[in-house]
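Observations on chain architecture
Each chain is listed here by its residues.
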Amino acid sequence: MIDLAAVRTLDAVREHGSVVAAAAALGYTPSAVSQQIKRLERHTGVQLLERVGRGVALTELGRRLADDGNRVLGDLEAIEAQLAAAHGSAPLHGQVRIAAFSTGVRGLVAPALATLRHTDPGLDVRVVESDPHEALDLVAGGQVDTALVHNWGDLPLPIPAHVEDVHLGIDTADVLVPRDHPLATRSVITAADLDGLVWTCAPVGSVCHGWLVHLHDAHGLRPDVRYWAMEFSSQIGLVEHGNAVALVPRLGRESLPSGVIAVPVDDPVTRRILQVWRRTMAPSPAIRRVHDVLTSAMDAVAVAHPR
């Protein structure tokens, strides 16, 4: 019988473009990945990989095996979830792999893990921090079981057809300004206030940069970003010392220093917090339990922070 674990490894090579990258994604050594695929080639009697430049690609037969194997793996995953659901009264056991964006890890996953540690000690929960697009890829490819992602305003977040998404809640972003800034005493910031501000923001291509640009686009403006910082804590530091202003969400936001004031936007800037999983995992009691605990954590966060 074909080793389905090796088929998953083969598909990881297809997705990531090299043995080394596939090994990093799966948590294996490159040698282990190579050995799995060589055993698969010996078992099937066909060449599955071919050299392409400095990387590798799947042969036509390799792609066919990966496609068909993924369908079988999906069927087995669904069967396992259904069998587990049939024993819903039994204590939950096994590993659940979660991917989540950084503020989701701090604001939702961390408290959820504390709850699960006491209520479901048989669950072995593993967490990896990933941005929404990467997290979706991890779920879709089977590297994780479920993920927290976010979607700002009407900016698209492409969700594959075999991945299911469930709404957890709404998060709101405020403009952070230095305490001595003219806008610090305002109850809200309007479109007229955006022109002339100097911003700190995550790099171009990030979701956060996208929604800052989108906020300005709605008013025919472009943000003047002079300070690029991936971490919100770095942005807060730049604001604290009077260098810039920042648009920072409330979920998972650290306590602001005394020199930083959060001012709401009159037309609120919001993001939808979603949990995603493969449709084949939907009946899984472990996934349902993680979802319930994350929902409770979202409710408890009360993301409307006081100023």
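See the structure shown above.
**Digging into the pattern of salt bridges**
Scanning the model with the defined rule gives 14 salt bridges in all. Salt-bridge contacts for D145 lead to R278; the nearest nitrogen and oxygen are separated by 3.7 Å. With D145 in the loop between α6 (132-140) and β5 (146-152) and R278 in strand β11 (residues 269-278), this residue pair connects regions lying 133 residues apart in the sequence. Grouping residues by exposure puts D145 and R278 together as buried. The salt bridge involving D174 is made with R253; its shortest N-O contact spans 3.3 Å. One end of the pair, D174, is in strand β6 (residues 163-178); the other, R253, is in the loop between β9 (246-249) and β10 (260-263), with 79 residues separating them in the sequence. With respect to burial, D174 and R253 carry one shared label: buried. Put simply, D11, R14 and D67 are held in one network by salt bridges that share partners.

**Details of a negative patch on the surface**
A cluster of acidic residues, E15, D131, E134 and D137, forms a negative patch on the protein surface. Mapped onto the elements, E134 comes out in helix α6. What makes E134 partly exposed here is its relative accessible area of 40%.

**What to know about the packing of aromatic side chains**
The tally for this structure, following the rule as stated, stands at one aromatic pair. Measuring from ring centre to ring centre gives 4.0 Å for W152 and W211, while their planes differ by 35°; the resulting arrangement is tilted. Highlighted residues: W152 in strand β5 and W211 in helix α8 (residues 207-217), separated in sequence by 59 residues. As far as burial versus exposure is concerned, W152 and W211 are alike and both buried.

Conventions and cut-offs
- Residues numbered from 1 in each chain as written.
- Predicted model: local features only at pLDDT ≥ 70, side-chain atom pairs only at ≥ 80, totals over all residues.
- Heavy atoms only, no water.
- Salt bridge = Lys/Arg side-chain N within 4 Å of Asp/Glu carboxyl O.
- Helix = DSSP H or I, 4+ residues; strand = E, 2+ residues; numbered from the N terminus.
- Buried < 20%, exposed > 50% of the residue type's maximum accessible area, 1.4 Å probe, protein only.
- Patch = residues over 30% accessible without salt bridge, like charges linked within 9 Å, V, L, I, M, F, W, Y side chains within 5 Å.
- Areas by Shrake-Rupley, 256 points an atom, 1.4 Å probe, with all protein chains shown as cover.
- Lys, Arg positive; Asp, Glu negative; His and termini not counted.
- Charge placed at Lys NZ, Arg CZ, Asp CG, Glu CD.
- Phe/Tyr/Trp six-rings, centres within 6.5 Å; stacked < 30°, edge-to-face > 60°.

Don't take any of this as a statement about function, it's just geometry.
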